[in-house]
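# Understanding the architecture of this molecule
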Amino acid sequence: MLSKRVIPCLDVRNGRLTKGIKFEGNVDIGDPVETAKKYYEEGADEIVFYDITASHEARGIFLDVVEKVASQIFIPFSVGGGINSVDDMRDVLVAGAEKVSVNSGAVKNPDIISEGAARFGSQCVVLGMDVKRVDVSEEIPSGFEIVIHGGRKYMGLDALEWAKTGEALGAGEICLNSIDADGVKQGYDLELTRLIAESVTIPVIASGGAGNPQHMVDAVTEGKATAALIASIVHYGEYTIPELKEYMAKKGVQTRSVW
């Protein structure tokens, strides 16, 4: 049985660690480099780094911050935000990331997924999906719609179909974020997570909603995710990564204790 991953997420704005609720009201909560190092030392399985305003501001990612984080951690490191071309992907990988997360840029230009997979390998390409619950319609039969530019622009694109398309184009993993659950700490959207995880064969990371360790257990059992992304519960010191993993282990979920 493969171990389930515990992945802290660093949302970064203007080079600083930030956190909001449902993609709004973001506040400065610290230095992303120091925070990444702390989580690495605590036993995180991976670090995810998002430059959350890069796409909306139509600029490239802050590569200097990526380089600084990469110099402090020795675990898989996934980076996203403002990735619009294969050259952007290359720049992020050269800066020290192992994976590149494409989100808004992939919705606007799906070929970036296949081009990135061909050039760097599918294992380097993560399809980031920001998803909002909407009324079921002919256009959105699943009731889950893709939203880009940091939750600002609805695309009329069904999340289930986009996940399948992303896999077919060569994405090696999906990071699935529920906008409705983001920062609320009431649990992941298990219906959404399970829907996507059961419809693709690539790993799915559940994101948005973790408020306690049981939520993480639910995400990787009921939700069928292969990993749980966390932010608020570790950023604000409510739990440490060892505490989260210990709880998951007690509930029968296999996690990695040491590298």
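Residues numbered from 1 in each chain as written. Predicted model: local features only at pLDDT ≥ 70, side-chain atom pairs only at ≥ 80, totals over all residues. Heavy atoms only, no water.

As recorded in an unreviewed UniProt entry, the protein goes by the name Imidazole glycerol phosphate synthase subunit HisF, listed as coming from Pseudodesulfovibrio sediminis. Here is the UniProt Function (unreviewed entry) comment for the protein, exactly as written: "IGPS catalyzes the conversion of PRFAR and glutamine to IGP, AICAR and glutamate. The HisF subunit catalyzes the cyclization activity that produces IGP and AICAR from PRFAR using the ammonia provided by the HisH subunit." (UniProt positions renumbered as here; feature names shortened; annotations may be inferred.)

## So, empty space enclosed by the protein
This structure, assessed with the given rule, holds one cavity of 30 Å³ or more. Approximately 30 Å³ is the volume found for the largest cavity. Forming the boundary of the largest cavity are E46, V48, Y50, S78, V126, E173, C175 and I205. Secondary structure elements with two or more residues in the lining of the largest cavity: strand 4 (47-51) and strand 10 (173-178). Split by residue class, the lining of the largest cavity holds five nonpolar, one polar and two charged. (1 Å grid on protein atoms, 1.4 Å probe; cavity = no way out; pocket = protein on both sides within 12 Å on 5 of 7 lines; lining within 4 Å. Points joined across faces, edges and corners; volume = space filled by probe spheres on them. Helix = DSSP H or I, 4+ residues; strand = E, 2+ residues; numbered from the N terminus. Nonpolar A, V, L, I, M, F, W, Y, C, P; charged D, E, K, R; others polar.)

## Focus on the UniProt feature "active site" (unreviewed entry) in the protein
The sites that UniProt annotates as "active site" (unreviewed entry) are D11 and D130. Of the residues just listed, which span 120 residues, no C-alpha pair is farther apart than 13.7 Å, and they cluster in one region. Note on placement: D11 falls in strand 1 (residues 5-13). On the basis of relative accessibility, which here comes to 14%, the residue D11 falls in the buried class. (Buried < 20%, exposed > 50% of the residue type's maximum accessible area, 1.4 Å probe, protein only.)

## Thoughts on the pairing of strand 9 (residues 153-158)
In terms of strand pairing, strand 8 (residues 144-148) meets strand 9 through three bridges, oriented antiparallel. From the neighbouring strand, E145 faces strand 9, where its bridge partner is D158. (Pairing = 2+ DSSP bridges.)

## Structural notes on helix 1 (residues 32-42)
By the burial criterion, the buried members of helix 1 are P32, V33, T35, A36 and Y39. Taken end-on, helix 1 shows its buried residues confined to a sector of 165°, consistent with a single buried face. The outward face of helix 1, more than 90 degrees from its buried face, is lined by the exposed residues E34 and E41. Looking at where helix 1 begins, the residue whose side-chain oxygen comes 3.0 Å from the main-chain nitrogen of V33 is D31. (Arc of directions from axis to C-beta. Polar contact = N/O pair within 3.5 Å; in protein donor to acceptor, adjacent residues only side chain to side chain.)

## Quick look at the packing of helix 1 against helix 2 (residues 63-70)
Two elements in contact, helix 1 and helix 2, have axes whose closest approach is 9 Å; the angle formed by their N-to-C orientations is 30°. Considering their axes alone, helix 1 and helix 2 lie roughly parallel with respect to each other. Considering the relative orientation of helix 1 and helix 2, their crossing is right-handed. Here P32, V33 and A36 of helix 1 come into contact with helix 2, specifically with V65, K68 and V69. (Axes fitted to C-alpha atoms, helices over the stretch in contact; angles between N-to-C directions. Parallel < 35°, antiparallel > 145°, perpendicular 65-115°, else oblique. Left-handed = near helix turned anticlockwise from the far one by under 90°. Contact = heavy atoms within 4.5 Å.)

## Side note on unusual backbone geometry
Positioned with a positive phi, K185 is a non-glycine residue whose angle comes to about 65°. With respect to the element layout, K185 can be found in the loop between strand 10 and helix 7 (190-197). For K185, a relative accessible area of 27% translates into the label partly exposed. Even without a glycine there, the phi angle at K224 is positive, about 65°. Looking at the element boundaries, K224 is found in the loop between helix 8 (213-220) and strand 12 (227-230). Given a relative accessible area of 43%, K224 falls into the partly exposed group.

## A closer look at the side chain of N103
Assignment of secondary structure puts N103 in the loop between strand 6 (99-102) and helix 4 (104-108). By relative accessible area, which is 18% here, N103 ends up buried. Those residues in contact with N103, other than ones at most four positions away along the chain, are G128, M129, D130 and I148.

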